[in-house]
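Here is what each chain is made of, one letter per residue.
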Amino acid sequence: MESIKLLFYFILGGIVVSLTTYFGSENKSVLAAFIAMFPSVTVLTLSMIYLETGIRPVLSYIRGLLLLTPAWILYLICLVYIAPRHGFWPALASGVVLYLVFAGLIVFGF
């Protein structure tokens, strides 16, 4: 049963990434962003956590998502600001480093 769940997660993640990449490369950025941000993976994750362990871990996970949202927003702002000036790869690397630093402060600071 565990391997079936993992296969389902893998397929769902692949579908989300494939559709996002397809629409993003077709210059339909808002649709691509909608697909990427649609909470399908979160809904599945929350459901599986709930079915395995109950409501308390679900609420803890949601609190974690909320706490890490500012780090995610900083990551995106970094990409938008740096990419036009220095290129995609430096922007992506800078955004990931910034995310890891702020997320680390949040995760290990609390």
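Calculation notes
- Along each chain, numbering runs from 1 in the same order as the chain's sequence is written.
- In view of the model being predicted, local features appear only for residues whose pLDDT reaches at least 70, and side-chain atom pairs are presented and counted only at 80 or more, with totals across whole chains, interfaces and linings using the full set of residues.
- Neither water nor hydrogens contribute to the side-chain values; these are computed over all heavy atoms in the structure.
- What makes a nonpolar core is a set of buried Ala, Val, Leu, Ile, Met, Phe, Trp, Tyr and Cys residues whose side-chain atoms join them at distances within 4.5 Å.
- Throughout this description, buried means an accessible area under 20% of the type-specific maximum (1.4 Å probe, protein chains only), exposed means over 50%, and partly exposed covers the range between.
- Counting from the N terminus, the helices are DSSP H or I runs at least four residues long and the strands are E runs at least two residues long.
- Contacts are residue-level and defined by heavy atoms, with any inter-residue pair within 4.5 Å sufficient.
- Each patch is built from residues that are more than 30% exposed by relative accessible area and take part in no salt bridge. Like charges join if they lie within 9 Å; nonpolar side chains (Val, Leu, Ile, Met, Phe, Trp, Tyr) join within 5 Å.
- Every accessible area reported is derived by Shrake-Rupley at a probe size of 1.4 Å, with residue values counting cover from the shown protein chains alone.
- Here a salt bridge means any side-chain nitrogen of Lys or Arg lying within 4 Å of a carboxyl oxygen belonging to Asp or Glu.
- By definition here, a helix of n residues has an expected span of 1.5 Å times n minus one.
- Two aromatic rings from Phe, Tyr or Trp, using only the six-membered ring of Trp, form a pair when their centres are within 6.5 Å; if the ring planes differ by under 30 degrees the pair is stacked, by over 60 it is edge-to-face, and anything between is tilted.
- Any Lys NZ or Arg CZ that is within 6 Å of a ring centre and within 35 degrees of that ring's normal is treated as a charge sitting over the ring.

1. Details of the nonpolar core
Right, so step 1: With five residues, the main nonpolar core is built from Tyr 75, Cys 78, Leu 79, Ile 82 and Ala 91.
Right, so step 2: Of the residues forming this core, the biggest block, four residues, is contributed by helix H4 (residues 55-86).
Right, so step 3: Discounting residues that sit within four places of it in the chain, Leu 79 has contacts with Pro 84, Ala 91 and Leu 92.

2. Topic: a nonpolar patch on the surface
Right, so step 1: There is a patch of nonpolar side chains on the surface, built from Met 37, Trp 72, Ile 73, Leu 74, Leu 76, Ile 77, Val 97, Val 101, Phe 102 and Leu 105 and spanning about 910 Å² of accessible area.
Right, so step 2: Mapped by element, the contributors of at least two residues to the nonpolar patch are H4 and helix H5 (88-109).
Right, so step 3: It is H4 that contributes the most residues to the nonpolar patch, five residues altogether.
Right, so step 4: The topology assignment puts Met 37 in helix H2 (residues 29-37).
Right, so step 5: Accessibility expressed as a relative area gives 58% for Met 37, which makes it exposed.

3. With respect to helix H3 (residues 40-53)
Right, so step 1: Across its 14 residues, H3 extends 20 Å between first and last C-alpha, which sits within 8% of the 20 Å expected from 1.5 Å per residue.
Right, so step 2: Of the residues flanking the end of H3, it is Gly 54, one or two places downstream, whose phi is positive at about 105 degrees.

4. Some words on the environment of Ile 15
Right, so step 1: Relative to the helices and strands, Ile 15 resides in helix H1 (residues 2-25).
Right, so step 2: Residue Ile 15 is classed as partly exposed on the basis of its relative accessible area, which comes to 45%.
Right, so step 3: Taking the C-alpha atoms as reference, Ile 15 lies 28 Å from Leu 98; in sequence the two are 83 residues apart.

5. Regarding the packing of aromatic side chains
Right, so step 1: A complete count under the given rule lists four aromatic pairs for this structure.
Right, so step 2: Centre to centre, the rings of Tyr 22 and Phe 23 are 5.1 Å apart; their planes meet at 70 degrees, and the pair counts as edge-to-face.
Right, so step 3: Aromatic side chains Trp 72 and Tyr 75 sit 4.9 Å apart centroid to centroid with 35 degrees between the ring planes, which places their arrangement in the tilted category. Residue Trp 72 and its partner Tyr 75 are both found in helix H4; the two are separated by three residues, about one turn of the helix.
Right, so step 4: Look at Tyr 75 and you get buried, because its relative accessible area is 13%.
Right, so step 5: Lying across the ring of Tyr 81, Arg 85 places its NZ or CZ 4.1 Å from the centre.

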